[in-house]
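Letter by letter, the chains look like this.
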Amino acid sequence: NDLDPCVFVLFGATGDLTRRKLTPALYALHREGLLPKDFVVLAYARRDKDDLVFRADLKANMAEFAPSIPLDKWDSFEQRCFYVRGEFDSPEGFAALRTKLESLDTETNTHHNWLFYMAIPPEQYEGVVGHLGAAGLSRRGMTEQGWARVIVEKPFGYDLETSRHLNAALLEHFTEDQVYRIDHYLGKETVQNILFFRFANEIFEPLWNHKYVDHVQITVAEKIGVEGRGNFFDATGMTRDVLQNHALQIVSLVAMEPPVRLDANAIRDEKVKAIRGIRPIPREDVHKLTVRGQYDSYRHEEGVPPGSDTETFVAMKFHMDNWRWAGTPFYVRCAKAMPKRTTEVAVQFRAIPQVLFAKMKRDEVQPNVLVLRIQPDEGIFLQMGAKQPGPDMTLHPVNLGFLYRDEFKDMPIADAYERLILDTIRGDASLFARGDEVEAAWKLLTPVLEAWKERPHDVQPYFTGTWGPEKASTLLEPGQTWREP
Ligand code: BG6
């Protein structure tokens with residue numbers, strides 16, 4: 001392949017993300033022959049280790065988190081992995097990193113191309129980025145060859161102010177086009193397919209607006225609870241953890257106008273416009289347009305204080321103030337401890353204008369619903385009405401659709417991280433959030449989060465394994481119901 005050679009500098013070698021996601025993704029890319037020929041992983045971390053111990057750790061991660069990937073090419077993979085010891089707040093450490101990078105560049109022919117991956121807690125980003133800048137590792141002078149890119153993980157800020165601060169800190173040392181903000185939902189095949197579905201097919205786009213669409217429901221449901229992440233989750237909540245990023249990314253892809261071309265900035269220009277088109281929620285309407293819930297056993301989870309008001313369920317109604325969607329609400333709900341794990345976009349079309357079939361009332365003829373199933377059982381379905389065979393004129397709901405597992409049998413869906421890592425090497429930021437996108441999302445949600453603080457007890461309890469608090473149905477308009485996917 002013709003990918004640029006490079007060094008993948010990993011901050012956070014022993015963290016959860018590295019163990020669960022990055023190790024399997026990097027190895028799978030190696031195994032499939034998708035990495036550049038000259039590609040090196042260099043971990044920078046505090047603990048006293050050497051290359052051999054680091055390689056053994058990586059192998060242990062595979063056994064624990066990706067046992068199904070055969071280790072047939074492990075030996076050649078681990079030859080690419082190196083370790084350098086250093087503190088995150090020490091200029092000497094970063095000077096040593098620079099020396100190591102330069103020697104790797106010579107030994108392995110990586111051409112001064114460096115990817116800095118921040119698999120560390122967000123409060124450490126600023127310090128590390130500052131040291132990279134001070135050590136001359138971030139922005140290159142015109143005469144030097146090679147590129148530097150920085151990859152940051154969510155959470156990207158805690159509210160509008162902190163996200164602005166973080167953007168400013170990054171942009172002090174890197175330019176926007178060097179920054180890759182990961183939202184792993186964008187790496188999912190089915191999320192990427194939203195663009196294909198909309199813009200590679202002529203028949204849906206004419207219907208994709210307020211004239212034909214009654215409303216859109218976006219659900220991100222998890223069956224599990226907080227599973228040992230109580231400490232982190234309780235300080236975060238479902239809105240910050242999932243709605244602000246994964247769910248709003250989906251909203252923007254569904255609502256956006258066609259981009260003028262398929263490049264990173266053209267796509268993101270439209271996405272940010274879509275988010276800005278969501279009507280701000282005035283403080284006095286927050287309790288009418290949003291519902292929070294908490295599953296019954298949440299307060300007994302490890303790391304969760306007994307009186308916690310953190311939401312494990314959130315639903316919001318968004319009005320779109322733009323030409324395409326005015327009058328078509330978007331409902332978004334994100335939750336844990338649901339009956340099943342499912343993420344989907346359901347586009348519900350308007351009801352038929354008149355019923356021709358005897359004995360049926362208008363509301364008995366179910367409107368068409370188009371479901372883009374993001375996960376699991378990935379696929380797309382269009383619910384329609386058909387005549388049930390027999391002497392009577394009886395309507396029966398049927399599904400037109402396709403499933404990835406039938407259609408793309410020998411093409412397993414790769415983990416989102418594989419695609420995203422590859423794109424950072426390619427220098428394609430289309431599937432990464434731009435700074436203004438992240439800020440637009442926080443701008444919408446920060447006043448809501450502020451208003452909630454004044455009414456902490458509005459959080460509604462719900463039973464584990466149900467679709468959340470009853471109150472969520474008060475968001476809907478007459479004739480609308482929440483789907484049970
Ligand atoms: C993460 C959240 O970003 O996304 C988790 O921090 C959540 O709380 C996860 O469980 C969901 O991702 P996926 O890919 O399993 O749907």
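What counts as what
- Residues numbered from 1 in each chain as written.
- Predicted model: local features only at pLDDT ≥ 70, side-chain atom pairs only at ≥ 80, totals over all residues.
- Heavy atoms only, no water.
- Helix = DSSP H or I, 4+ residues; strand = E, 2+ residues; numbered from the N terminus.
- Rg over C-alpha atoms; globule rule 2.2 N^0.38 Å.
- Buried < 20%, exposed > 50% of the residue type's maximum accessible area, 1.4 Å probe, protein only.
- Contact = heavy atoms within 4.5 Å.
- Areas by Shrake-Rupley, 256 points an atom, 1.4 Å probe, with all protein chains shown as cover.
- Phe/Tyr/Trp six-rings, centres within 6.5 Å; stacked < 30°, edge-to-face > 60°.
- Lys NZ or Arg CZ within 6 Å of the ring centre and 35° of its normal.
- Core = buried A, V, L, I, M, F, W, Y, C linked by side-chain atoms within 4.5 Å.
- Near = heavy atom within 4 Å.
- Polar contact = N/O pair within 3.5 Å; in protein donor to acceptor, adjacent residues only side chain to side chain.
- Nonpolar A, V, L, I, M, F, W, Y, C, P; charged D, E, K, R; others polar.
- Axes fitted to C-alpha atoms, helices over the stretch in contact; angles between N-to-C directions.
- Parallel < 35°, antiparallel > 145°, perpendicular 65-115°, else oblique.
- Pairing = 2+ DSSP bridges.
- Expected span 1.5 Å × (residues − 1).
- Bend = angle between axes of the 7 residues up to and from the residue.
- Salt bridge = Lys/Arg side-chain N within 4 Å of Asp/Glu carboxyl O.

S.K.: Sorry if this is basic, but what is going on with the overall build of the protein here?
M.R.: Tallying secondary structure elements over the protein gives 14 helices and 15 strands in all. Relative to the 2.2 N^0.38 estimate, which gives 23 Å for 485 residues, the radius of gyration of the protein is 24 Å and therefore close to what a compact globule would have. Considering only C-alpha atoms, the protein reaches an extent of 80 × 50 × 40 Å along its principal axes. A buried classification covers 53% of the 485 residues belonging to the protein. In the protein, the proportion of contacts linking residues at least 24 apart, taken out of those at least 6 apart, comes to 76%. When the accessible surface of the protein is summed, it comes to about 22,500 Å², and 53% of that surface belongs to carbon and sulfur atoms.

S.K.: Mind showing me how you'd approach the packing of aromatic side chains here?
M.R.: Enumeration according to the criterion identifies 24 aromatic pairs in this entry. On the numbers, 5.1 Å between centres and 80° between planes, the contact of Trp-325 with Phe-330 is edge-to-face. Following the ring pairs from residue to residue traces out a cluster consisting of Phe-11, Tyr-44, Phe-88, Phe-94, Trp-114 and Phe-116. The ring of Tyr-185 has Lys-188 lying over it, and the distance from NZ or CZ to the ring centre is 4.6 Å.

S.K.: I tried to follow the nonpolar core on my own but got confused; where do I start?
M.R.: Nonpolar side chains tend to gather and get buried jointly when the protein is soluble and globular. Core analysis: the biggest nonpolar cluster contains 148 residues, and Phe-11, Leu-97, Phe-116 and Met-118 have the highest contact counts within it. Sequence-distant contacts of Leu-97, defined by excluding residues within four places in its chain, comprise Val-9, Phe-11, Leu-42, Tyr-44, Val-84, Leu-132 and Leu-137. Counting residues in each nonpolar core, the second largest holds 5 residues, with Ala-346, Val-371, Phe-381 and Leu-403 among its members.

S.K.: Would you mind showing me how to read the site of the ligand here?
M.R.: In the vicinity of the ligand, the residues found are Lys-154, His-184, Tyr-185, Lys-188, Glu-222, Arg-229, Asp-241, His-246, Lys-336, Arg-341 and Gln-375. In this structure, an oxygen atom belonging to the ligand sits 3.0 Å away from a side-chain N or O atom of Lys-336. Protein burial of the ligand: of its 400 Å² of free accessible surface, 80% is covered by the chains. Each residue belonging to the shell around the ligand can be placed in one class, and the counts come to 1 nonpolar, 3 polar and 7 charged.

S.K.: Before we go on, may I ask you to explain the environment of Pro-70 in this structure?
M.R.: The topology assignment puts Pro-70 in the loop between α2 (51–65) and α3 (74–78). Along the sequence, Pro-70 and Asp-50 sit 20 residues apart, while their C-alpha atoms lie 25 Å from each other.

S.K.: Hey, could you run me through the packing of helix α9 (residues 237–255) against helix α10 (residues 264–276) in this one?
M.R.: The axes of two packed helices give the description: the angle between them and the distance between them. Orientation of α9 relative to α10, taken along the N-to-C sense of each, is 105°, at an axis distance of 8 Å. What the angle tells us is that α9 and α10 run roughly perpendicular. Of the residues in α10, those in contact with Leu-248, Gln-249, Ser-252, Leu-253 and Ala-255 of α9 are Lys-271, Ala-274 and Ile-275. Split by residue class, the contact of α9 with α10 holds 5 nonpolar, 2 polar and 1 charged.

S.K.: Even after reading the chapter, I still don't get the sheet that holds strand β8 (residues 290–295), so can you show me in this structure?
M.R.: Within a sheet, adjacent strands bond to each other through the backbone by hydrogen bonds, running parallel or antiparallel. Reading across from one edge, β14-β13-β12-β11-β7-β10-β9-β8-β15 is the order of the 9 strands in this open sheet, with mixed pairing throughout. Strand pairing shows two members of the sheet lacking a second neighbour, β14 (395–403) and β15 (460–462), which therefore form its edges. Here the strands of the sheet are splayed against their neighbours by 20° on average, with no regard to which way each runs. Here β8 pairs with strand β9 (residues 313–318) via 4 bridges, running antiparallel. Considered in β9, the bridge of Val-291 is made with Ala-315. Helix-sheet contacts for helix α7 (residues 189–199) involve β12 (369–375) and β13 (379–387), and the interaxial angle to β12 is about 145°. Against the sheet, α9 makes contact with β7 (213–221), β9, β10 (330–335) and β11 (342–349), and its axis sits at roughly 145° relative to β10, the strand it touches most.

S.K.: Would you take a moment to explain the pairing of strand β3 (residues 81–85) for this structure?
M.R.: For a regular strand, the rule is simple: side chains alternate between the two faces of the sheet. Of all 5 residues in β3, 4 are buried; the element is thus mostly enclosed. In this structure, strand β2 (residues 39–45) lies alongside β3, joined through 5 bridges in parallel fashion. Within β3, the residue paired with Ala-45 across the bridge is Arg-85.

S.K.: Even after reading the chapter, I still don't get unusual backbone geometry, so can you show me in this structure?
M.R.: Look at the link from Lys-154 to Pro-155: it is a cis peptide, with omega at 0°. Relative to the elements of secondary structure, Pro-155 occurs in the loop between β5 (148–152) and α6 (160–173). Cis rather than trans, the peptide bond between Gln-375 and Pro-376 has omega equal to -20°. Considering the arrangement of structural elements, one finds Pro-376 in the loop between β12 and β13. A positive phi angle, close to 65°, is found at Asn-109, a residue other than glycine. Among the secondary structure elements, Asn-109 is positioned in the loop between α4 (91–108) and β4 (114–118). Even without being a glycine, Asp-377 presents a positive backbone phi close to 50°. Within the secondary structure, Asp-377 sits in the loop between β12 and β13.

S.K.: Hey, could you run me through α9 in this one?
M.R.: Since the α-helix advances by 3.6 residues per turn, residues separated by three or four positions end up pointing in the same direction. When the terminal C-alpha atoms of α9 are compared, their 25 Å separation across 19 residues agrees well with the 27 Å that a helix rising 1.5 Å per residue should span. Helix geometry: α9 is bent most strongly at Leu-243, by close to 50°. The element α9 is extensively covered by neighbouring structure, given that 19 of its 19 residues are classed as buried.

S.K.: Mind showing me how you'd approach the sheet that holds β2 here?
M.R.: Pairing is parallel in the open sheet, where 6 strands are placed in the order β3-β2-β1-β4-β5-β6. Strands with a single pairing partner mark the edges of an open sheet, and in this sheet they are β3 and β6 (179–181). For this sheet the average axis-to-axis angle between neighbouring strands, irrespective of direction, equals 20°. The strands touched by α2 are β2 and β3; relative to β3, the strand with the most contacts, the crossing angle is about 120°.

S.K.: Mind showing me how you'd approach the pattern of salt bridges here?
M.R.: Summed over the entire model, instances satisfying the criterion amount to 32 salt bridges. For Asp-415, the salt bridge is made with Lys-21, and the minimal N-O distance between the two is 3.4 Å. Taken as a pair, Asp-415 in the loop between α12 (404–407) and α13 (416–426) and Lys-21 in helix α1 (residues 16–31) lie far apart in primary sequence, 394 residues in all. A relative accessible area of 31% means that Lys-21 is categorised as partly exposed. The salt bridge involving Glu-87 is made with Arg-85; its shortest N-O contact spans 3.7 Å. Under the relative-accessibility criterion, Glu-87 is labelled partly exposed at 32%. Judged by relative accessible area, which is 42%, Arg-85 ranks as partly exposed. Via salt bridges that share partners, Arg-198, Glu-205, Glu-257 and Arg-324 belong to a single interconnected network.

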